[in-house]
Amino acid sequence: MPIKRPRSPTSIAISAVLAIAGLAIAIVALVLHVQRQRRADALLRADPDRVLASSELTRTALDIGRPAFARRCAGCHGPRGDGDPLKNTPDLRDDEYLYGSGKPDEIEQIVLYGIRAGPSRGKNLASMPAYGRAKPYAGEPIPPLSPAAIADVTEFVLSLSGRSTHREAATRGRMIYQGAGGCYDCHSGDGHGDPGIGAPNLAAAVWLYGGSARSITQSITYGRAGICPAFATRITPLEARAISLYVASLSNPTTPKPNL
Amino acid sequence: MTANPTSAEAIWSTDDTAARRSLILCAAGAVLGLIIAGIGLFTAKGTRTSAVPAEDVALVNQVPILMSDYLLQLRALYDVSLTEASAEQKKKVLDDMIHEELYVQRGVELGLQSDTIEVRAALAGAVEAQVAADAAMAQPAEVELHAYYDAHTGNYASEGILELEDYRVAPQSRLQPPALAEALRHGANPAQLGLIRTATMQDGEEFYFAAKIHLPDALYEAATRLQSGEVSEPLRLADGIHILVIKQNTHPVPRSYAEVRDKVLQDFIAEQVKVLAAGNDRFLRKRADITLARGFE
């Protein structure tokens with residue numbers, strides 16, 4: 001028959017300490033989890049436009065958004081969000097936005113539903129026609145332009161940023177821009193674009209596909225239509241919110257810049 | 001002598017310290033497990049919940065109305081953010097969204113997806129769009145895109161540009177057509193040779209696709225084969241003999257990968273969409289129980 005030996009006071013004390021430590025760790029873990037969940041809930045419940053004014057919510061957003069951005073977006077937009085000219089992806093740090101005006105809720109829609117990525121809630125309304133092709137635009141009948149007309153429109157576009165060197169050509173280009181070319185329909189009469197459909201401001205200094213005369217001619221002749229994937233089915237609402245706030249923070253001078 | 005610790009009596013004895021401690025720890029573990037399971041069960045998305053998840057503004061028969069959709073509606077209808085929106089605006093938007101959700105659910109109950117053409121088209125389109133979204137999600141590596149470009153370089157050629165003068169030989173011309181062509185090659189004035197300039201392509205440069213529309217096929221074929229500055233051999237057409245003077249012929253050339261990367265990506269994804277859509281179609285057919293009537297096999 002086995003005989004139970006009495007435990008020494010030291011071993012009882014060690015057991016008690018271990019048990020208390022284990023319980024304490026479990027409680028701390030639970031508390032941290034609950035706090036993290038509360039912060040996440042607060043981030044989801046908050047007005048996205050106001051989050052960056054709150055240091056606590058901003059910290060939560062950046063803590064979640066930065067790694068999520070690195071996983072989902074950095075492949076195209078670069079780890080710093082400064083874009084990649086070879087991939088024609090925009091620099092997210094400046095304050096030029098093709099779609100919308102850089103508000104977090106606008107960015108969130110792009111993160112969720114993409115640009116020309118399939119979902120009907122995405123930004124799919126328009127793309128740049130290829131005026132040097134027989135059928136410039138799949139969506140509706142638009143007449144093509146001649147090489148000379150494209151050269152004139154290029155000159156007019158250059159004139160919007162004070163870079164035209166051929167005044168008569170720019171004048172002819174304006175007529176085409178506002179007439180047969182139908183460019184005004186998306187880029188507006190003054191060339192300042194339409195952020196509702198992703199038509200860029202032609203008078204700005206930021207060019208996604210290059211702003212040289214040659215690049216502009218190429219864009220008019222062969223068209224443009226970039227794609228941003230839709231992540232609605234791949235990420236959680238919290239990640240989408242956090243990524244959009246992280247992106248918004250990149251161009252927001254009042255937000256503490258993340259350490260990269 | 002102590003009691004036998006393996007006996008059932010000793011295990012359940014509350015007099016023994018070790019046994020009492022074991023029972024307490026077991027009970028604590030069970031309670032903790034129940035709490036964790038309860039939290040998981042009653043807050044998990046998709047199960048019946050007592051509270052609206054933070055990412056939603058409402059649950060309609062347990063179907064969430066997403067906060068992001070709600071914010072989008074506020075922006076679309078009133079161009080306001082959540083903070084800027086008034087209580088009336090918020091209520092109106094939420095009421096509208098609940099109304100829509102209720103009607104969608106009622107529509108499904110009534111089987112409208114079987115009866116209404118627009119609903120069927122929208123559903124089919126949404127499934128196709130989801131396939132496209134999956135394809136767009138899989139961002140190809142640059143190596144893959146480059147390989148695709150290399151395999152389809154012809155699709156990414158520039159548009160050729162043609163500028164020419166088309167002359168018709170006058171019936172009463174003193175010189176034979178070959179002599180007229182030769183004279184043109186030596187810089188003779190077409191008008192002095194009695195050649196008649198036709199009305200085609202008088203507006204200068206034209207892209208190949210436009211020239212193909214404006215010129216008869218035989219002239220277009222001949223023109224695109226010639227180089228800038230060359231003069232064609234006389235070409236006999238139904239309306240007479242033509243001679244082309246090629247002012248400029250810029251042949252199509254492959255555009256560089258850097259210039260066309262956006263198009264390559266678009267085409268690559270479009271091809272992926274076709275592959276995925278075909279796979280999806282195969283999967284749905286394989287999974288479905290389709291019985292064909294006699295005579296329709």
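Residues numbered from 1 in each chain as written. Chains lettered and ligands numbered in written order. Predicted model: local features only at pLDDT ≥ 70, side-chain atom pairs only at ≥ 80, totals over all residues. Heavy atoms only, no water.

Once that is clear, we can look at the pairing of strand β7 (residues 240–250) of chain B. Residues and elements named next belong to chain B. Judged from the 8 bridges that link them, strand β3 (residues 161–169) and β7 form a sheet pairing that is antiparallel. Across the sheet, leucine 162 pairs through a bridge with asparagine 249, a residue of β7. Looking at chain direction, strand β6 (residues 235–237) and β7 are connected through 3 bridges and run antiparallel. Within the sheet, the bridge partner assigned to leucine 235 lies in β7 and is histidine 242. (Pairing = 2+ DSSP bridges. Helix = DSSP H or I, 4+ residues; strand = E, 2+ residues; numbered from the N terminus.)

Taken residue by residue, the interface counts 51 residues in chain A and 45 residues in chain B. Here chain A and chain B share an interface that buries about 4100 Å² over both sides, 54% of which is from carbon and sulfur atoms. For arginine 75 of chain B, the salt bridge identified is with aspartate 49 of chain A, shortest N-O distance 2.8 Å. At the boundary of chain A with chain B, the tally comes to 21 residue pairs in polar contact (both at pLDDT 80 or more). Taken together, the elements giving at least two residues each to the side of chain A that touches chain B come down to α1 (9–45), α2 (48–51), α5 (104–113), α6 (147–160), α9 (213–222) and α10 (237–250) of chain A. Ranked by residue count, the leading element in the side of chain A that touches chain B is α5 of chain A, at 5 residues. (Contact = heavy atoms within 4.5 Å. Buried area = accessible area lost by both parts, 1.4 Å probe. Salt bridge = Lys/Arg side-chain N within 4 Å of Asp/Glu carboxyl O. Polar contact = N/O pair within 3.5 Å; in protein donor to acceptor, adjacent residues only side chain to side chain.)

All names here are of chain A. Looking at the element boundaries, threonine 58 is found in helix α3 (residues 55–72). Accessibility expressed as a relative area gives 3% for threonine 58, which makes it buried. A polar atom in the side chain of threonine 58 sits 3.1 Å from the backbone oxygen of valine 51. (Buried < 20%, exposed > 50% of the residue type's maximum accessible area, 1.4 Å probe, protein only.)

A few words on the layout of surface pockets. For the second largest pocket, the calculated volume is near 1000 Å³. In terms of lining, the second largest pocket is formed by 34 residues, of which the most central are Arg121 of chain A together with Asp69, Glu100, Glu101 and Val104 of chain B. The leading source of residues in the lining of the second largest pocket is helix α4 (residues 87–109) of chain B, at 7 residues. Its residues assigned to classes, the lining of the second largest pocket comprises 21 nonpolar, 4 polar and 9 charged. (1 Å grid on protein atoms, 1.4 Å probe; cavity = no way out; pocket = protein on both sides within 12 Å on 5 of 7 lines; lining within 4 Å. Points joined across faces, edges and corners; volume = space filled by probe spheres on them. Nonpolar A, V, L, I, M, F, W, Y, C, P; charged D, E, K, R; others polar.)

Below, the discussion takes up helix α3 (residues 67–78) of chain B. All names here are of chain B. Compared with the 16 Å implied by 1.5 Å per residue over 12 residues, the 16 Å span of α3 between its first and last C-alpha is a close match. For α3, the complete set of buried residues consists of Met67, Ser68, Asp69, Tyr70, Leu71, Leu74 and Arg75. Just past α3, the residue aspartate 79 takes up positive phi, approximately 55°. (Expected span 1.5 Å × (residues − 1).)

Next up on the list: the environment of isoleucine 150 of chain A. All names here are of chain A. Turning to its location among the elements, isoleucine 150 is positioned in helix α6. Under the relative-accessibility criterion, isoleucine 150 is labelled buried at 1%. Taking the C-alpha atoms as reference points, isoleucine 150 and glutamine 218, separated by 68 residues in sequence, lie 9.4 Å from one another.

Residue and element names in this part refer to chain A. On domain assignment, one finds that chain A holds domain 1 (38–123 + 228–250) and domain 2 (147–222). Once you take the C-alpha centre of each, domain 1 and domain 2 turn out to be 30 Å apart. Each partner contributes to the interface: domain 1 provides 8 residues, whereas domain 2 provides 11 residues. Summing both partners gives a buried area of about 760 Å² for domain 1 against domain 2, and 64% of it is carried by carbon and sulfur. Of all residues in domain 1, Asn88, Glu96 and Leu98 bury the most surface against domain 2, accounting for 64% of the area lost on that side. (Domains from an automatic or database assignment.)

Turning our eyes to something else, we now look at the state of the cysteines. Covalently bonding the sulfur atom of one cysteine to the sulfur atom of another cysteine gives a disulfide. Residues and elements named next belong to chain A. Going through the model one piece at a time under the given rule, you end up with 0 disulfides over all chains. Distance from the sulfur of cysteine 183, which forms no disulfide, to the nearest cysteine sulfur (cysteine 186) is 9.0 Å. We classify cysteine 183 as buried; its relative accessible area is 11%. (Disulfide = S-S within 2.5 Å.)

A few words on the nonpolar core. Ranked by size, the top nonpolar core spans 31 residues in total, and within it Leu43, Phe69 and Ile243 of chain A carry the most contacts. Taken together, the elements giving at least two residues each to this core come down to α1, α3, α5 and α10 of chain A. Per-element accounting of this core gives the leading share, 8 residues, to α10 of chain A. Among residues more than four places away in sequence, those in contact with leucine 43 of chain A are Val51, Leu57, Thr60, Ala61, Leu238, Arg241 and Leu245 of chain A. Formed by 18 residues, the second largest nonpolar core is a distinct cluster that contains Ala149, Cys183 and Ile216 of chain A together with Ile161 of chain B. (Core = buried A, V, L, I, M, F, W, Y, C linked by side-chain atoms within 4.5 Å.)

What follows deals with the confidence of the model for chain B. Of the residues in chain B, 93% have a pLDDT of 70 or more, and the chain-wide mean is 90. Taken over the whole predicted complex, pTM reads 0.80, whereas the ipTM for its chain interfaces reads 0.81. (pLDDT = per-residue confidence, 0-100.)

Taken together, the side chains of Leu110, Leu112, Val119 and Leu123 of chain B define a hydrophobic patch exposed on the protein surface, amounting to about 310 Å² of accessible area. Topologically, valine 119 of chain B is positioned in helix α6 (residues 117–137). (Patch = residues over 30% accessible without salt bridge, like charges linked within 9 Å, V, L, I, M, F, W, Y side chains within 5 Å. Areas by Shrake-Rupley, 256 points an atom, 1.4 Å probe, with all protein chains shown as cover.)

Next up on the list: the packing of α1 of chain A against α3 of chain A. Residue and element names in this part refer to chain A. Here α1 crosses α3 at 105°, and the two axes come no closer than 10 Å. By the angle between their axes, α1 is roughly perpendicular relative to α3. Across from Arg39, Ala42 and Leu43 in α1, the residues of α3 making contact are Glu56, Leu57, Thr60 and Ala61. In terms of residue class, the contact of α1 with α3 is built from 4 nonpolar, 1 polar and 2 charged. (Axes fitted to C-alpha atoms, helices over the stretch in contact; angles between N-to-C directions. Parallel < 35°, antiparallel > 145°, perpendicular 65-115°, else oblique.)

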